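Here is what each chain is made of, one letter per residue.
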Amino acid sequence: MELVDIPKIVLHIHLDGSLDLELAYKWLGEDGYDYSFSEVLEKLRVDKECRSLNQYLEKFSLPCKLLNSYERLKEASKSLFLKLEKEGVVYAEVRFAPIKHVNDKLNINRVVEAVIDGMNEILKNGKIYGGIILCCMRDASKEDNLKTVSLAKEYSHLGVVGIDLAGAEALYETKNFKYIFDKAKQENIPFTIHAGEAGGISSIKSALEFGTLRLGHGIKAIEDNNLIERLKNENILLEVCVTSNYQTEAVKGIHPIEELYRKGVKISINTDNDTVSGIDIISEYKYILANTNLKIEDIIKCNYDSIDFIFNDKVKNKLKEMYK
Ligand SMILES: [Zn+2]
């Protein structure tokens with residue numbers, strides 16, 4: 001089977017970090033900047049051998065500035081879902097933080113509507129299913145984060161499928177954000193939490209205490225055998241992003257994806273940020289096949305197993321059919 005033909009389930013991809021380069025180039029021109037295409041590339045993508053969280057994070061400032069209107073957010077969302085569809089992705093949950101795109105002319109409801117509308121234009125063709133995850137931010141106020149949770153509830157019938165917690169994990173400890181997930185549970189909103197990327201095992205433990213069934217990254221679990229057992233026993237899915245982990249220095253030597261998989265932890269393979277990293281889901285599969293002993297069958301199994309953890313219950317059976 002060709003890699004493009006594998007039905008792919010993508011659960012961890014950020015809209016701002018996966019902004020189409022052509023769109024960015026066009027919008028910069030509209031905004032009066034005279035950058036060449038290669039300058040735009042340099043501003044949005046890390047060096048090939050990037051091993052620096054700072055350099056990685058710097059690449060998000062321009063996309064956030066550019067995604068400042070209903071039209072642009074809609075276009076960015078639409079182009080990302082279309083790109084994923086072409087890569088053979090059959091289900092994608094795209095995440096972003098609405099709060100980062102609010103300005104004098106754009107209120108937070110319109111921000112969310114734009115991204116939903118862009119997605120739905122591609123979903124209506126019936127080749128890819130998906131949903132939007134709204135990110136609460138570690139550096140945002142409690143009020144703003146609770147607003148994000150309310151928005152997830154408000155737009156759940158239109159395409160928002162869950163919430164996340166993103167941002168600097170090493171600076172703002174996961175344990176401080178219980179209030180977000182208390183409210184999400186109250187409102188029956190599914191959630192995932194970035195934990196065990198820049199932060200350690202205590203961050204993962206806090207996320208598990210909040211009741212998460214999915215961890216964004218979670219790879220630091222490799223440091224603690226008891227925690228690995230717990231992930232297995234409690235049937236927790238790790239949203240693993242190999243290239244991103246190297247670029248942000250979350251992983252230095254051998255990536256733990258294979259060991260975690262062999263030990264029986266459920267793994268979903270993702271890219272995190274296609275444009276920032278200069279990758280896509282197919283190149284990520286190729287990287288894993290070339291650098292671990294995992295085989296194409298293992299990648300298919302990771303995708304199949306991930307279906308049980310998607311936030312849109314209505315399409316689970318349809319997706320499982322695709323693997324028969
Ligand atoms: Zn992420």
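Rules used throughout
- Residues numbered from 1 in each chain as written.
- Predicted model: local features only at pLDDT ≥ 70, side-chain atom pairs only at ≥ 80, totals over all residues.
- Heavy atoms only, no water.
- Pairing = 2+ DSSP bridges.
- Helix = DSSP H or I, 4+ residues; strand = E, 2+ residues; numbered from the N terminus.
- Axes fitted to C-alpha atoms, helices over the stretch in contact; angles between N-to-C directions.
- Donors = N, O, S within 2.8 Å, 3.2 Å for Na, K, Ca; no water.
- Tetrahedral: all angles 85-135°; square planar, octahedral: opposite > 155°, others 65-115°.
- Salt bridge = Lys/Arg side-chain N within 4 Å of Asp/Glu carboxyl O.
- Buried < 20%, exposed > 50% of the residue type's maximum accessible area, 1.4 Å probe, protein only.
- Contact = heavy atoms within 4.5 Å.
- Polar contact = N/O pair within 3.5 Å; in protein donor to acceptor, adjacent residues only side chain to side chain.

Asker: Would you mind going over the sheet that holds strand 8 (residues 266-269) with me for this structure?
Answerer: Sheet strands associate in pairs through backbone hydrogen bonding, adopting either a parallel or an antiparallel arrangement. Reading across the sheet, the 4 strands line up as 5-6-7-8 and stay open at both edges, with parallel pairing between neighbours. The sheet is open, and its two edges are formed by strand 5 (193-195) and strand 8, each paired on a single side. Ignoring strand direction, the axes of neighbouring strands in this sheet form an average angle of 35 degrees. Relative to strand 7 (residues 237-240), strand 6 (residues 214-217) is paired through 3 bridges, and the arrangement is parallel. Within strand 7, the residue paired with Leu215 across the bridge is Leu238.

Asker: Just checking my understanding: could you explain the coordination of the zinc ion for this structure?
Answerer: The reference angle at a metal is 109.5 degrees if four donors form a tetrahedron and 90 or 180 degrees if six donors form an octahedron. Taken together, His12 (NE2), His14 (NE2), His194 (NE2) and Asp272 (OD) make up the full set of protein donors to the zinc ion, lying 2.1 to 2.3 Å away. One can describe the site at the zinc ion as irregular: its 4 donor atoms subtend angles covering 83 to 167 degrees at the metal. Between consecutive donor residues of the zinc ion, the sequence gaps follow H-x1-H-x179-H-x77-D. With a gap of 260 residues between them, His12 in strand 1 (residues 8-14) and Asp272 in the loop between strand 8 and helix 13 (274-277) connect regions that are remote in the sequence.

Asker: Which parts of the structure should I look at to understand the sheet that holds strand 1?
Answerer: With respect to topology, 4 strands assemble into an open sheet ordered 1-2-3-4, the strand pairing being parallel. Of all strands in the sheet, those with a lone pairing partner are strand 1 and strand 4 (160-166), marking the two edges. The sheet shows a mean angle of 25 degrees between the axes of neighbouring strands, direction not considered. Sheet analysis places strand 2 (residues 89-96) next to strand 3 (residues 129-137), joined by 6 bridges and oriented parallel.

Asker: Is there a simple way to think about the pattern of salt bridges in this case?
Answerer: Two side chains that carry opposite charge are able to pair once their charged atoms sit near each other. Throughout the structure, instances matching the rule amount to 23 salt bridges. Ionic pairing is found between Glu30 and Arg72, a salt bridge with its closest N-O pair at 3.1 Å. Here Glu30 is found in helix 1 (residues 21-30), whereas its partner Arg72 is found in helix 5 (residues 70-86), with 42 residues between them in sequence. Residue classification places Arg72 among the buried positions, given a relative accessible area of 7%. Across the pair Arg214 and Glu239 runs a salt bridge, and its minimum N-O distance is 2.8 Å. Of this pair, Arg214 sits in strand 6 while Glu239 is found in strand 7, placing the two residues 25 residues apart along the sequence. The exposure class of Glu239 is buried, given its relative accessible area of 0%. Each member of the salt-bridge network shares a partner with another, and the members are Glu93, Arg95, Asp164, Arg214 and Glu239.

Asker: Looking at this model, I keep getting lost on the environment of Leu158. Mind explaining?
Answerer: Note that Leu158 resides in the loop between helix 7 (142-154) and strand 4. Residue classification places Leu158 among the partly exposed residues on the basis of a relative accessible area of 42%. Sequence-wise, Leu158 and Gly131 are 27 residues apart; in three dimensions their C-alpha atoms are separated by 9.0 Å. Non-local contacts of Leu158, meaning those with residues more than four positions away in its chain, are made with Ile116, Met119 and Asn120.

Asker: Is there a simple way to think about the side chain of Arg72 in this case?
Answerer: Of note is the side chain of Arg72, whose polar atom sits 3.1 Å from the side chain of Glu30. Within the structure, Arg72 has its side chain in polar contact with the backbone oxygen of Leu66 (distance 3.1 Å). When neighbours within four sequence positions are excluded, Arg72 is seen to be in contact with Trp27, Glu30, Asp31, Leu66 and Leu67.

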